[in-house]
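The lines below spell out each chain.
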Amino acid sequence: MIQIVDKALCTGCHACMNICPRSCIEMKEDEQGFRYPLVNSSDCIDCGLCEQVCHMTKSDNTSKPTAVYGARNKDLEERMNSSSGGIFALMAKWILEQGGSVYGAAFNRDYEVEHIRVTDKADLHKLQTSKYVQSIIGKTYSEVRNDLLQDKYVLFTGTPCQIAGLKGFLRQEYDKLFCQDIMCHGVPSPKLWKKYLAELKAGDIKSISFRDKAQGWADFHVVIRGEKKTVSDVFNKNTYMRAFLSDASLRPSCYNCHYKNLEYAGDFCLGDFWGIEEFCPEINDNKGVSLLLINTSKGKELLDKVRDNIELKDVPTEAARVKNGAAVNGAAMNEKNTALYNNIDNMTVHRIVEKYIRGSFLNRVKNKLKK
Ligand SMILES: Cc1cc2nc3c(=O)[nH]c(=O)nc-3n(C[C@H](O)[C@H](O)[C@H](O)COP(=O)(O)OP(=O)(O)OC[C@H]3O[C@@H](n4cnc5c(N)ncnc54)[C@H](O)[C@@H]3O)c2cc1C
């Protein structure tokens, strides 16, 4: 039976919960707001399946890119509604056109983030753009297996650990399954996100975008429209994003990530092409370009299906390393993380960020003077 002794070894992928034949594993939120498996031992029959599917115990589940591209969707509207070059939407549409299903992260009614299954193009927008919160996988791995057993095409998208979790759960290859990792910096806790949203006192939330590009891709804004107020902050000035970008709010396993140094679990990976000016400035219009990493022959197969709708520039693998820290190095555990989660129940997110993440006024002045 699965038992979590070291939280840094559990990514919260839900594979164990999905595989359990007795449905006796619950994914329970801890005090930081991250979910971990909890086995109801009186129902457990000790079949060992939960341990077998755990991807954190396997070492041969990654591949490295065979080709790297700067890529942008030729449809400007679709690209503007995406975080970077809008490549996800193109791949997803092809799958839906084959009668398949697409899985990815969406906001639910309460603006929590969870994985959902989409079978209709009209719903694809729900999966577009990055949500900087750990997405709850729920029962989607089981739904993927049902689709595959019905011989449907499936595109499953998520963080590399979510893809590895799915593969661990499935334990066999399927020709019609395509997997897309996002180049992942790490994931903050759903509890922190909920607390931040509540403390904004914006009233009923009408819409949220972590990646509003109205003022440019490079200076993307976090825009939260509420009944009582609208928040629109450039990403690095937003309180919640400051905790995220300074590696203070990530899940413990993100500080122990197996999917760095361009090691991926999926067939292709998408990120922002930061550093584009060095490699293919001719396609940079500040509306978003994706870094597209093709990791397997299936990744290439899917790219070939949609190639006519993409502006593609072949770039060296080095391009993925130059400015994209998330592709190369994992975050290092730090005091800010401890301070943030030690205080999550007794201080506002704003106050925590001002006190422990932004640094004291004196330190900020000292840093400015040093610079
Ligand atoms: C938590 C997180 C951290 C990221 N960190 C980096 C980074 O450091 N560097 C970098 O280059 N790119 C990073 N990205 C990826 C980047 O922001 C874009 O998602 C990527 O460039 C794809 O963009 P797109 O325009 O093709 O499609 P988009 O429409 O933007 O793609 C949306 C895709 O992201 C998936 N997605 C959205 N939110 C989540 C989530 N919470 N969990 C799992 N999957 C999600 C959707 O399922 C869908 O597949 C990160 C994304 C997330 C969600």
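Cut-offs used in this document
- Once a new chain begins, its residue numbering starts again from 1 and follows that chain's sequence as written.
- Only residues with pLDDT of at least 70 get local features here, since the model is predicted, and only at 80 or more are side-chain atom pairs given and counted; chain-wide, interface and lining totals rely on the full set of residues.
- Calculation of side-chain values draws on the structure's entire complement of heavy atoms; hydrogens and water are dropped beforehand.
- Cavity and pocket criteria rest on a 1 Å grid covering protein atoms alone: a 1.4 Å probe that fits but cannot get out defines a cavity, protein on both sides within 12 Å along at least 5 of 7 lines defines an open pocket, and an atom within 4 Å of a point defines a lining residue.
- Grid points are joined across faces, edges and corners, and a volume is the space filled by probe spheres set on the points.
- Numbering of helices and strands starts at the N terminus; helices are DSSP runs of H or I of at least 4 residues and strands are runs of E of at least 2.
- When residue character is reported, Ala, Val, Leu, Ile, Met, Phe, Trp, Tyr, Cys and Pro are called nonpolar, Asp, Glu, Lys and Arg charged, and the others, Gly included, polar.
- In this document the domain limits rely on a domain assignment from an automatic tool or a database.
- Every residue pair with non-hydrogen atoms within 4.5 Å of one another is taken to be in contact.
- Note on definitions: buried area is the accessible-area loss of two parts on being combined, 1.4 Å probe, summed for both.
- Whenever a carboxyl oxygen of Asp or Glu lies within 4 Å of a side-chain nitrogen of Lys or Arg, that contact is scored as a salt bridge.
- Polar contact criterion, stated in full: a pair of N or O atoms within 3.5 Å, where within protein one must be able to donate a hydrogen and the other to accept it, and residues adjacent in sequence count only if both atoms are side-chain atoms.

In this structure, the largest pocket encloses a volume near 1,000 Å³. Together, 50 residues line the largest pocket, and Ser130, Tyr132, Ile182, Met183 and Asp272 are the ones closest to its centre. Secondary-structure elements contributing two or more residues to the lining of the largest pocket are helix H4 (87-97), strand S4 (101-107), strand S6 (154-158), strand S7 (177-182), helix H8 (239-245), strand S11 (268-272) and helix H12 (325-328). Of the residues contributing to the lining of the largest pocket, the split by class is 20 nonpolar, 24 polar and six charged. Split by domain, the lining of the largest pocket shows at least three residues from each of two domains, domain 2 (67-187 + 250-328) and domain 3 (190-248 + 330-359).

What follows is about the domain arrangement of the protein chain. Along its sequence, the protein chain is carved into domain 1 (7-57), domain 2 (67-187 + 250-328) and domain 3 (190-248 + 330-359). The gap between the C-alpha centroids of domain 1 and domain 2 is 25 Å. Contacts between domain 1 and domain 2 engage 21 residues on the former and 23 residues on the latter. Around 1,800 Å² of area is buried between domain 1 and domain 2 when both sides are counted, 57% of it from carbon and sulfur atoms. It is Asn18, Phe34 and His55 in domain 1 that bury the most area against domain 2; as a group they hold 30% of the surface buried on that side. If you look at where domain 1 meets domain 2, you find zero salt bridges. On the surface where domain 1 and domain 2 come into contact, there are eleven residue pairs in polar contact (both at pLDDT 80 or more). Those elements that provide at least two residues to the side of domain 1 that touches domain 2 are helix H1 (15-19), strand S2 (35-39) and helix H2 (49-52). Looking at the side of domain 1 that touches domain 2 element by element, the count peaks at four residues for H1. Looking at side-chain class alone, the side of domain 1 that touches domain 2 contains twelve nonpolar, seven polar and two charged residues.

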